[in-house]
Amino acid sequence: MKKVNIFLLITFLLTWSITFIIFKTGGLIGSFAYIGLILCMMMPSLSVLITTLITKSSFKEIWIKPNFKKNIKYYLIGYFSPVILIILGAVLYFIIFPSHLDLSMNTGLSNLKLQLQSLGQVVPSDSELKSTMIIQLFVGILLSPILNFIPCLGEELGWRGYLLPKLAENNSYFKSSLICSIIWGIWHAPMIAMGHNYGTGYIGAPFLGIFAMILFCIATGSIFNYIAIKTKSCIPAIFAHGSLNGFASASVIFLNVPSPNMFIGPVPTGIIGGFFFIVVGVICLLKTKKLDIQKETI
């Protein structure tokens, strides 16, 4: 547990120091926000490096080898399952709230125009913008895991590459998966407090948002943890994380309401938008429990 404690101390100290700088420089709309959030994602990996050097451990202990052989299906699960679950959650949301659906994407188009104008950029024609949004959807489906590989490696090398296997040395896979996911959720707390994912104008802010994020990380983390355990590699989880980050807000362009309740959906951090993440996360936790039984009988 000594290595785990050192890793967590360094990770939280570095990450939350950066989030404090983000807060003091204008929050999530400040000039430092984008760079700051990318740096936050890199801190778990940096902490793995520092912890390994401090404890004079072997880098072979980290789950970083690809282990492709006989594990292709877990790579496919990591690469495509977040997109599938996000789409299913969005479809469920729009079935429940059909009046929120705008297949013409006019509301999303208007919001994009406002963003471009606020940045002082030239606003293309409506047809060009719609084409761009559609292209971005397909890019999100096919290329997000690759385009987001480096920043998601920054996180996943820490969570699924180091923390999860270290916890599993003294705990069951089931318990290790839950602890890892809860810690991952708590790690997001300062970002959620500044309005990431849920905004700031809701009842119970920021504690309700932090709690919701922890629940989301338990559901999502259970999936990521399962494919990491099965492959003994964090790389499938990196692909899954990249897919999630790149496609999570795709459904927003089909909304015709300016301020949807993000605790509900259609994005996956909402209860309806994330419904299928919860279902699959529970299934993965149960499968992780079976792995513990198999491990005990060996």
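Residues numbered from 1 in each chain as written. Predicted model: local features only at pLDDT ≥ 70, side-chain atom pairs only at ≥ 80, totals over all residues. Heavy atoms only, no water.

### Section: the nonpolar core
Nonpolar side chains tend to gather and get buried jointly when the protein is soluble and globular. The biggest cluster of nonpolar side chains holds 70 residues, and the ones touching the most others in it are F7, L8, W159, L163, W187, Y198 and F224. In contact with F224, other than residues within four places in its own chain, are E156, R160, W184, A237, A240, H241 and L244. In terms of nonpolar packing, the next biggest core, distinct from the first, is built from five residues, A90, Y93, L255 and I272 among them. (Core = buried A, V, L, I, M, F, W, Y, C linked by side-chain atoms within 4.5 Å. Buried < 20%, exposed > 50% of the residue type's maximum accessible area, 1.4 Å probe, protein only. Contact = heavy atoms within 4.5 Å.)

### Some remarks on the packing of helix α7 (residues 173–187) against helix α9 (residues 207–231)
Their axes nearest at 8 Å, the elements α7 and α9 cross at an angle of 135°. For the element pair α7 / α9, the angle class is oblique. Taken as a pair, α7 and α9 cross one another with a handedness that is right-handed. Contact with α7, carried on its side by Y173, S177, L178, C180, S181, I182, W184, G185 and I186, involves M213, I214, C217, I218, T220, G221, S222, F224, N225 and I229 of α9 and no other residues of that element. (Axes fitted to C-alpha atoms, helices over the stretch in contact; angles between N-to-C directions. Helix = DSSP H or I, 4+ residues; strand = E, 2+ residues; numbered from the N terminus. Parallel < 35°, antiparallel > 145°, perpendicular 65-115°, else oblique. Left-handed = near helix turned anticlockwise from the far one by under 90°.)

### Description of the side chain of T15
With respect to the helices, strands and loops of the structure, T15 is situated in helix α1 (residues 2–24). Exposure remark for T15: the relative accessible area of 0% places this residue in the buried category. One polar contact links T15 to W187, side chain to side chain, over a distance of 2.9 Å. Those residues in contact with T15, other than ones at most four positions away along the chain, are C40, M43, W187 and M191. (Polar contact = N/O pair within 3.5 Å; in protein donor to acceptor, adjacent residues only side chain to side chain.)

### Overview of the side chain of S45
By secondary structure assignment, the location of S45 is in helix α2 (residues 33–54). Side-chain polar atoms of S45 contact the backbone oxygen of L153, separated by 3.0 Å.

### Regarding the state of the cysteines
The tally for this structure, following the rule as stated, stands at zero disulfides. Free of any disulfide, C40 has its nearest cysteine sulfur in C152, 14 Å distant. In this structure C152 is not part of a disulfide, and its nearest cysteine sulfur, from C234, lies 11 Å away. For C152, a relative accessible area of 0% puts it in the buried group. (Disulfide = S-S within 2.5 Å.)

### Side note on the packing of aromatic side chains
As enumerated under the stated definition, the model contains 17 aromatic pairs in all. When the ring of F7 is compared with that of W159, the centres are 6.1 Å apart and the planes differ by 80°; the resulting orientation is edge-to-face. With F7 in helix α1 and W159 in helix α6 (residues 149–168), this residue pair connects regions lying 152 residues apart in the sequence. By relative accessible area, W159 is classed as buried at 0%. The rings of F68, Y75, Y79, F80, F149 and F239 are connected pair by pair, giving a single aromatic cluster. For K289, the ring lying beneath its charged end belongs to F174, and the centroid distance is 4.6 Å. (Phe/Tyr/Trp six-rings, centres within 6.5 Å; stacked < 30°, edge-to-face > 60°. Lys NZ or Arg CZ within 6 Å of the ring centre and 35° of its normal.)

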